[in-house]
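Spelled out from the first residue to the last, the chains are:
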Number of protein chains: 2
Amino acid sequence: MPKINPQRLLNDLKHLRTFGATGPGVVRLSLSPVDMDARRWLAGRMSDAGLSATIDGVGTVFGRSRNAGPALLIGSHTDTQPTGGWLDGALGVIYGLEIARALAECEETRHFAVDVASWIDEEGTFSGFLGSRSFVGEDVDEAIRGARNREGVLLGDALKQAGLIDAPCVRLDRARYRAYLEPHIEQGGRLEAHGKSIGVVTTIVGIRELKLRFSGQRNHAGTTPMSIRRDAGAALVAFIARMDEAFRALADADTVWTVGRIELDPGSFSVVPGAAAMHLQFRDASAERLHAMETALAALIRDFNAEGKVSVAITDSEPPEAPVVMDPALQAQLADAAEAIAPGQWERMPSGASHDAQVIAHHIPACMLFVPSIGGVSHDFIEDTAEAHIVLGCEVATRAAAAILRKTSG
Amino acid sequence: MPKINPQRLLNDLKHLRTFGATGPGVVRLSLSPVDMDARRWLAGRMSDAGLSATIDGVGTVFGRSRNAGPALLIGSHTDTQPTGGWLDGALGVIYGLEIARALAECEETRHFAVDVASWIDEEGTFSGFLGSRSFVGEDVDEAIRGARNREGVLLGDALKQAGLIDAPCVRLDRARYRAYLEPHIEQGGRLEAHGKSIGVVTTIVGIRELKLRFSGQRNHAGTTPMSIRRDAGAALVAFIARMDEAFRALADADTVWTVGRIELDPGSFSVVPGAAAMHLQFRDASAERLHAMETALAALIRDFNAEGKVSVAITDSEPPEAPVVMDPALQAQLADAAEAIAPGQWERMPSGASHDAQVIAHHIPACMLFVPSIGGVSHDFIEDTAEAHIVLGCEVATRAAAAILRKTSG
């Protein structure tokens, strides 16, 4: 049975943390100089582990095992949010590296093939999931030509600057892979609240993002009686209350919805808002429930407009992201490994956040494993996970990896 | 009995409209080149009317009658909002000019003294009510040193640019004045809704302006269950609903309250807002009711904080403006004049908007007369009043002016 080296795992995670370290957190935006330094270091560590390592034409670091398949692909991302935590995606990448090393060091599993990836730009500094999308063969040329970071730098120019623009891109070889495994921090507080150490992900939730605009009548806030106002801001507030009620009636414990932004126009003390806008996002693991929420929202909008004082319309919406179910057989193997190493300390759960696994799951069987986030915090400098949980998560993933490959290589 | 010249009145209003004309509206911000052109034209028209006209050290245009007092002071303002209407304060200033002319042309009233003022910066391009505040002797030196317009220009520099900085300031001579009259457009839709032509103002409402801040916990919008969120935006929405209920229980038909601005932090689709802020204004003619609303708000804040999930506090508040009651004897004289000229077509009403009269009323008896605003619109390019109402309002004001001065000069 392969065994990880906890100190080596933690040392690598801590060394990776030094690239872009900012207080307890990390600022390592895709393709920034410090991110490129981290990628070169990671490629070196992959080579040290016996993998054939490259940084591909979009920036993904890919370490390919020299063993023949069927292979297990393990990956996540080492880029961060503008105020990122030190683990986030880094955990899964270094897990992959450590699992490749652990299997290579074990007589029984040394012929197993584990490939490791750090997908570029999961966080969308330029274009979200760029690395995994490129890997599975989606067309990313438009993103390379047109996507810009917050400073206005074109992705193509950043790739030139990083010396990558002419490098070949790593592409999915379906025949090689048995499965994709993405370990990650939970980014929520559920495992901690339940006193659990390991999450086996059932589904990556689907997402709807909409902008709603309310149109009323701008008026003087002193001279316009309440009775004749067509206050778009007040209408927005009333709409949210009705929407909350409708969504609560449809929700289960994991359904979430968020009004992340509200704008009143003109936004002055003395003016009754003539227009108002809100950003609404809702997420659920069930495609049916997402559809029911959309239907409820449409009915609310219809009713609201029928009342006539202030009108409301959806002005913009992101392409819907459907829920992505993790491969049931792989879930079972993660669950078996978790039960063997940490009996009773694991649970199945949806992922409320998006991950590269949702891109790759459309092409090869995929699964995810979570470790607890302290206080449920992520995308923040104070994001952290107990070292015992970091080590335990890698042990479970290693056991599952060996089992997945044993089943097919044995 | 003095008689106005309707065509002269309308011609002067229309000529004033040409300074800063923008479509049907006017952009004539205090001390801008076009505003100074308008002030010089106005001073010329005052001189033509036999008044001793000056533009004073803050920009107020003041036309003093050459007759001895007791005098009636008639005024308003000719500066506009960034998207101003053509009448707004201009109406009251040109009424003053026309009333001075009409009284001078009538044998019976030619010895009456009518002074006319266009107070600078009522709209607060630099510092609201600057002209009337300077006139009554308030210290405006700090405003001259520190107040800036939206372009960042200091008031002092704008006065230098206009060639006014060394001009003397006109000061209130209490012994001269019997009363102050400010005619103005209503800026609301009440007269129109009631089918009336003239409003006799009872009170200029008091105003409270507050900023409230809600503090919760910023979280990932996908991974944070609704049950454990401390969503500052959702709390703000719930707070507004409770506040509306509490204020409705205290309000009369003229009480108004407005949430003019809402900000959620960080304002992104994918982040549960950790903080939220709102701008609240409420107005009422009764000091007691304003106090009751403040007390209700404080109780709501206390209750909200006792629930503990998201805290709320008042972070900023403007100095309260107390309601200002118009002089009852002057109200009666306006009412008599209205009833004589337009029987049954007038009503008493509060002013929901602020006016220079509230500054001057603390020093000499003051009153206001309103004419209807079409559609209740003001501070907008499409602001307008029917010509018949413009003429009628001036006839009523002229009759009242003669009566006020007759009473004391006769």
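Everything that follows concerns the structure shown earlier in this document.
Presented here is an overview of the structure given in this document.

What counts, and where the lines are drawn
Residues numbered from 1 in each chain as written. Chains lettered and ligands numbered in written order. Predicted model: local features only at pLDDT ≥ 70, side-chain atom pairs only at ≥ 80, totals over all residues. Heavy atoms only, no water. Helix = DSSP H or I, 4+ residues; strand = E, 2+ residues; numbered from the N terminus. Polar contact = N/O pair within 3.5 Å; in protein donor to acceptor, adjacent residues only side chain to side chain. Contact = heavy atoms within 4.5 Å. Least-squares fit on C-alpha atoms with pLDDT ≥ 70 in both. Salt bridge = Lys/Arg side-chain N within 4 Å of Asp/Glu carboxyl O. Nonpolar A, V, L, I, M, F, W, Y, C, P; charged D, E, K, R; others polar. Buried < 20%, exposed > 50% of the residue type's maximum accessible area, 1.4 Å probe, protein only. Core = buried A, V, L, I, M, F, W, Y, C linked by side-chain atoms within 4.5 Å. Pairing = 2+ DSSP bridges. Axes fitted to C-alpha atoms, helices over the stretch in contact; angles between N-to-C directions. Phe/Tyr/Trp six-rings, centres within 6.5 Å; stacked < 30°, edge-to-face > 60°.

1. Some thoughts on the side chain of Arg-176 of chain B
Residues and elements named next belong to chain B. Secondary-structure assignment places Arg-176 in the loop between helix H6 (155-161) and strand S7 (177-185). A distance of 3.2 Å separates a polar side-chain atom of Arg-176 from the backbone oxygen of Ser-65. Of the polar contacts made by the side chain of Arg-176, one reaches the backbone oxygen of Asn-67; its length is 3.3 Å. Contact partners of Arg-176, with chain neighbours within four places excluded, come to Arg-64, Ser-65, Asn-67, Ala-68, Gly-69, Pro-70, Ala-71, Ala-113 and Asp-115.

2. Quick notes on the relation of the copies chain B and chain A
Mapping chain B onto chain A calls for a screw motion: a turn of 180° about the axis and a shift of 0.1 Å along it, with 0.1 Å RMSD after fitting. In symmetry terms, the pair is related by a two-fold rotation axis. The overlap is high: 100% of the interface residues of chain B also sit at the interface in chain A, so the same surface is used on both sides.

3. Remarks on the interface of chain B and chain A
Counting residues at the interface gives 44 residues for chain B, matched by 44 residues for chain A. On the surface where chain B and chain A come into contact, there are 0 salt bridges. Here chain B and chain A share 12 residue pairs in polar contact (both at pLDDT 80 or more) between them. Taken together, the elements giving at least two residues each to the side of chain B that touches chain A come down to strand S9 (206-215), strand S10 (219-220), helix H8 (232-250), strand S11 (256-265), strand S12 (271-272) and strand S13 (275-284) of chain B. Considering every element that reaches the side of chain B that touches chain A, the biggest residue donor is S11 of chain B, with 8 residues. Taken together, the residues of the side of chain B that touches chain A break down into 18 nonpolar, 20 polar and 6 charged.

4. Some details on the environment of Lys-211 of chain B
Summarising the element assignment, Lys-211 of chain B is placed in strand S9. Note on Lys-211 of chain B: relative accessible area 28%, which makes it partly exposed. With 50 residues separating them in the primary sequence, Lys-211 of chain B and Arg-261 of chain B have C-alpha atoms 9.3 Å apart. Excluding its chain neighbours within four sequence positions, the residues that come into contact with Lys-211 of chain B are Phe-269 of chain A together with Met-278, His-279, Ala-313, Ile-314, Thr-315 and Asp-316 of chain B.

5. A word on the nonpolar core
Ranked by size, the top nonpolar core spans 73 residues in total, and within it Leu-31, Tyr-95, Leu-155 and Ile-390 of chain B carry the most contacts. When near neighbours in sequence (up to four residues on either side) are disregarded, Leu-155 of chain B contacts Leu-31, Phe-126, Leu-130, Ala-143, Ile-144 and Ala-147 of chain B. Counting residues in each nonpolar core, the second largest holds 57 residues, with Leu-9, Ala-100, Leu-103 and Cys-367 of chain A among its members.

6. Here we look at unusual backbone geometry
Residue Pro-266 of chain A is reached from Asp-265 of chain A by a cis peptide bond, and omega for that bond is 10°. Mapped onto the secondary structure, Pro-266 of chain A falls in the loop between strand S11 (256-265) and strand S12 (271-272). Along the chain, Gly-69 of chain B connects to Pro-70 of chain B via a cis peptide bond; the corresponding omega equals 0°. Positioned with a positive phi, His-379 of chain B is a non-glycine residue whose angle comes to about 55°. Note on placement: His-379 of chain B falls in the loop between strand S17 (366-371) and helix H12 (387-409). Residue His-379 of chain B is classed as partly exposed on the basis of its relative accessible area of 23%.

7. So, the environment of Asp-88 of chain B
Residue and element names in this part refer to chain B. When you line up the elements, Asp-88 lands in the loop between strand S5 (71-76) and helix H3 (90-104). Taking the C-alpha atoms as reference, Asp-88 lies 41 Å from Phe-304; in sequence the two are 216 residues apart. Leave out the neighbours within four places in its chain, and Asp-88 touches His-77, Glu-123, His-184, Ile-185, Gln-187, His-379 and Glu-383. Only 3.0 Å separates the side chain of Asp-88 from the side chain of His-184, close enough to count as a polar contact.

8. Focus: the sheet that holds S11 of chain B
Residues and elements named next belong to chain B. Ordered by their spatial adjacency, 4 strands build an open sheet running S11-S13-S9-S14, and the pairing between neighbours is antiparallel. Sheet topology places S11 and strand S14 (311-317) at the edges, where each strand pairs with a single neighbour. Neighbouring strand axes in the sheet, compared pairwise and without regard to direction, differ in orientation by 20° on average. As paired elements, S9 and S13 share 10 bridges and run antiparallel to each other. Its bridge partner lying in S13, Gly-206 is registered against Asp-284. Together, S9, S11, S13 and S14 form the strand contacts of H8, whose direction differs from that of S13 by roughly 15°.

9. Quick notes on the sheet that holds S11 of chain A
Residue and element names in this part refer to chain A. A sheet is described by the order of its strands in space; here 4 strands give the open sequence S11-S13-S9-S14, paired in antiparallel fashion. Either end of the sheet is taken by a strand with one partner, and the two such strands are S11 and strand S14 (311-317). If you compare each strand with its neighbour and ignore which way they point, the axes differ by 20° on average. Strands in contact with helix H8 (residues 232-250) are strand S9 (206-215), S11, strand S13 (275-284) and S14; relative to S13, the strand with the most contacts, it is inclined by about 15°. Strands in contact with helix H9 (residues 287-307) are S9, S11, S13 and S14; relative to S13, the strand with the most contacts, it is inclined by about 160°.

10. As for the packing of aromatic side chains
Enumeration according to the criterion identifies 22 aromatic pairs over all chains in this entry. Look at Trp-119 of chain A and Tyr-180 of chain A: their rings are 6.2 Å apart centre to centre, the planes differ by 55°, and that puts the pair in the tilted class. You can see Trp-119 of chain A sitting in the loop between strand S6 (113-118) and helix H4 (130-135) and its partner Tyr-180 of chain A sitting in strand S7 (residues 177-185), a full 61 residues away along the chain. With a relative accessible area of 0%, Trp-119 of chain A lands in the buried category. Judged by relative accessible area, which is 0%, Tyr-180 of chain A ranks as buried. A centroid spacing of 5.6 Å and a plane angle of 85° characterise the contact between Phe-247 of chain B and Trp-257 of chain B, whose relative ring orientation is edge-to-face. Of the two residues, Phe-247 of chain B sits in helix H8 while Trp-257 of chain B sits in strand S11, which places them 10 residues apart along the sequence. With a relative accessible area of 0%, Phe-247 of chain B lands in the buried category.

11. A word on the pairing of S13 of chain A
Residue and element names in this part refer to chain A. Of all 10 residues in S13, 10 are buried, a share of seventy percent or more. Of the two faces of S13, the one lined by Ala-275, Ala-277, His-279, Gln-281 and Arg-283 and the one lined by Ala-276, Met-278, Leu-280, Phe-282 and Asp-284 are each fully buried. Where S11 lies against S13, 9 bridges are found, and the strand directions are antiparallel. Note that in S13 the partner of Glu-263 across the bridge is Ala-277.

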